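Structure at a glance
Now for the letters of each chain:
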Amino acid sequence: MARGNITKRGSTSWRLKYEAGDPDPVTGKRQTRYVTFRGSKKAAQAELTRRLAEVDTGTAVEPSRVTVAEYLRGWLDNTSDLAPKTLERYRQLAEKQIIPYIGATLLQKLRPAQVHEWHATLLKSGGKDGKSLSPRTVGHAHRVLHRALERAMRLETIARNVAHVISPPKVETAEVTILNADQIADIGLKLEGYGGRYGTLPLYQIAVLALGTGMRRGEICGLAWGAVDLDKALVRIEHSLEQTSTGLRIKPPKTAAGRRTISLPASVVDILRDHKRKLSEQRLALGMGRLGDDDLVFPMIDGTPYPPDKLSRDWGHAMRDRKLPATRFHALRHSHASALIAAGMDIVTVSRRLGHGSPSITLRVYAHAFSTDKDVASARVIDALFSAKPSA
């Protein structure tokens, strides 16, 4: 059993001396550690007891001068466990919300109290120009730190994960934005024929597909004609287009549940047939040849992928240009899901259609939909979703 002692160095300062393990097998020298501790004698004895227990149980770690900043950057520069988009977001959070505040702290010296103070600072002045930061963003930064410290603990660089001791700020659940039947009908009426500044944006067709299937933005941008069976009224979600600061890439769904087949409403099939005909004519006119299975359903005019971030910007411009509700593109997915729930579709089917990992996720996101007045919501919203007609 490891041994140690305490020596008084000042009024509230103590030197802890203890054996850090068995003697070195080569030199035979004892592995002795010296630690300065500030506080009461009782607290110093408790700290010595804790360190000796770690030695006895094999959980003690070697002293390290690595800072939180050094460790975070080293982890993010060398990890292969994160998707490019996730890695980019983690780096942003590390550089803006973690490192400027606790980055200079030695990794092994980081304590729960510092994590708590860090949260408070971010909530008060962690945003741009010293403005407050939302609890949700602070929670995202906390989870990055927690994941990094969890890895450090597994590698025995630290003895415990202090971010596990302190919980992130509580976030109030925000109700998702849902378009009602009148708004959906208005979007269908005012977006038809809208092409943006250069008259080439198929936002009407994209909106109809999003409302009729609940597909995500990246799934729509990455959809190829080979995954669309208009005769059987089915679309297979096999890929998604991801956009990061380094460019675009086609990737498979993040989970097995994301890879799915969705039935298409008849009106959506009609609109896609019409869109495919016009796209084929456009390609032939530009000398780009016939459409193939690998060609995207909603490409840019030159056949290149439609960047998801550009789609969101174009959607915002269209809402302003046509004096429509200032809603995010993702509201179309929410509207689709809520309409199905309001119409009485079982939650398991809705969850599978949306590509959620489990029905519990769907229940959590759309809990509000179960308290909706179904007599008012269901028939009118579903009718508005699927009543669009192809343009001439």
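Everything numeric here is computed off the predicted structure, so don't read it as measured data. (Residues numbered from 1 in each chain as written. Predicted model: local features only at pLDDT ≥ 70, side-chain atom pairs only at ≥ 80, totals over all residues. Heavy atoms only, no water.)

Let us look at the packing of helix α2 (residues 68-78) against helix α3 (residues 84-102). At their nearest, the axes of α2 and α3 sit 10 Å apart, and the two run at 175° to each other. One element, α2, and the other, α3, form an angle in the roughly antiparallel class. Contact with α2, carried on its side by Val 68, Ala 69, Leu 72, Arg 73, Trp 75, Leu 76 and Asp 77, involves Leu 87, Tyr 90, Arg 91, Ala 94, Glu 95, Ile 98, Ile 99 and Ile 102 of α3 and no other residues of that element. Split into classes, the residues belonging to the contact of α2 with α3 amount to 11 nonpolar, no polar and four charged. (Axes fitted to C-alpha atoms, helices over the stretch in contact; angles between N-to-C directions. Helix = DSSP H or I, 4+ residues; strand = E, 2+ residues; numbered from the N terminus. Parallel < 35°, antiparallel > 145°, perpendicular 65-115°, else oblique. Contact = heavy atoms within 4.5 Å. Nonpolar A, V, L, I, M, F, W, Y, C, P; charged D, E, K, R; others polar.)

This brings us to the sheet that holds strand β3 (residues 32-38). On the basis of which strands lie adjacent, the open sheet formed by three strands has the order β1-β2-β3 and antiparallel pairing. At either end of the open sheet lies a strand with only one pairing partner, and these are β1 (4-8) and β3. For this sheet the average axis-to-axis angle between neighbouring strands, irrespective of direction, equals 20°. One ladder, built from five bridges, connects β1 with strand β2 (residues 13-19); its direction is antiparallel. Opposite Lys 8, over in β2, you have Trp 14 as the bridge partner. Each of β1, β2 and β3 touches helix α1 (residues 41-57); the most contacted strand, β2, lies at about 20° to it. (Pairing = 2+ DSSP bridges.)

As a further point, take a positive patch on the surface. Together, Arg 65, Lys 109, Arg 111 and Arg 160 give the surface a local cluster of positive charge. Relative to the helices and strands, Arg 111 resides in the loop between α3 and α4 (112-125). Relative accessible area serves as the criterion here: at 31%, Arg 111 is assigned to the partly exposed category. (Patch = residues over 30% accessible without salt bridge, like charges linked within 9 Å, V, L, I, M, F, W, Y side chains within 5 Å. Areas by Shrake-Rupley, 256 points an atom, 1.4 Å probe, with all protein chains shown as cover. Salt bridge = Lys/Arg side-chain N within 4 Å of Asp/Glu carboxyl O. Lys, Arg positive; Asp, Glu negative; His and termini not counted. Charge placed at Lys NZ, Arg CZ, Asp CG, Glu CD. Buried < 20%, exposed > 50% of the residue type's maximum accessible area, 1.4 Å probe, protein only.)

The next subject is α1. For α1, with 17 residues, the first-to-last C-alpha span of 24 Å sits near the 24 Å given by 1.5 Å per residue. Considered for burial, the residues of α1 that qualify are Ala 44, Glu 47, Leu 48, Arg 51, Leu 52, Glu 54 and Val 55. Taken around the axis of α1, the buried residues stretch over an arc of 155°, which confines them to a single face. For α1, the exposed residues lying more than 90 degrees away from the buried face are Lys 42, Thr 49 and Thr 57. (Expected span 1.5 Å × (residues − 1). Arc of directions from axis to C-beta.)

On to the confidence of the model for the protein chain, then. Averaged over the protein chain, the pLDDT score is 86; the fraction of residues at 70 or greater is 88%. This model gives residues 388-392 a pLDDT under 50, and the stretch forms 15 contacts once residues within four places in sequence are excluded. (pLDDT = per-residue confidence, 0-100.)

This brings us to the nonpolar core. In terms of nonpolar packing, the biggest core is built from 43 residues, with Leu 191, Leu 209 and Leu 272 touching the most fellow members. Counting only elements with at least two residues in this core, the list comes to α7 (181-191), α8 (203-213), α9 (217-221), β5 (234-237), α10 (266-285) and α11 (308-321). Here the element with the most residues in this core is α8; it accounts for eight residues. What Leu 272 contacts, discounting residues up to four positions off in sequence, is Leu 209, Trp 225, Val 228, Leu 230, Leu 264, Val 297 and Phe 298. One finds Ala 69, Leu 82, Leu 93 and Leu 145 within the second-largest nonpolar core, a separate group that totals 31 residues. (Core = buried A, V, L, I, M, F, W, Y, C linked by side-chain atoms within 4.5 Å.)

Once that is clear, we can look at the packing of aromatic side chains. For the structure on display, the rule yields two aromatic pairs. For the ring pair Trp 75 and Tyr 90, a centre distance of 6.1 Å and an interplane angle of 50° mean the geometry is tilted. Of this pair, Trp 75 sits in helix α2 while Tyr 90 is found in helix α3, placing the two residues 15 residues apart along the sequence. When sorted by exposure, Trp 75 lands in the same class as Tyr 90, which is buried. (Phe/Tyr/Trp six-rings, centres within 6.5 Å; stacked < 30°, edge-to-face > 60°.)

This brings us to the side chain of Arg 353. Along the chain, Arg 353 turns up in helix α13 (residues 347-354). Buried charged residue Arg 353 carries no salt bridge. Nearest counter-charge: Glu 219, at 11 Å. A polar side-chain atom of Arg 353 sits 2.9 Å from the main-chain carbonyl oxygen of Gly 212. (Polar contact = N/O pair within 3.5 Å; in protein donor to acceptor, adjacent residues only side chain to side chain.)

This part is about the side chain of Thr 213. Looking at the secondary structure, you find Thr 213 in helix α8. Within the structure, Thr 213 has its side chain in polar contact with the backbone nitrogen of Met 215 (distance 3.2 Å). Discounting chain neighbours no more than four positions away, the residues touching Thr 213 are Ile 262, Leu 264, His 336 and Arg 353.

Before going further, it helps to spend a moment on unusual backbone geometry. The phi dihedral of Asp 129 falls on the positive side, at around 60°, and the residue is not glycine. Inspection of the secondary structure puts Asp 129 in the loop between α4 and α5 (135-154). You can call Asp 129 exposed: its relative accessible area is 70%. In this structure, Ala 233 takes a positive phi of about 55° despite not being glycine. Considering the arrangement of structural elements, one finds Ala 233 in the loop between β4 (228-229) and β5.

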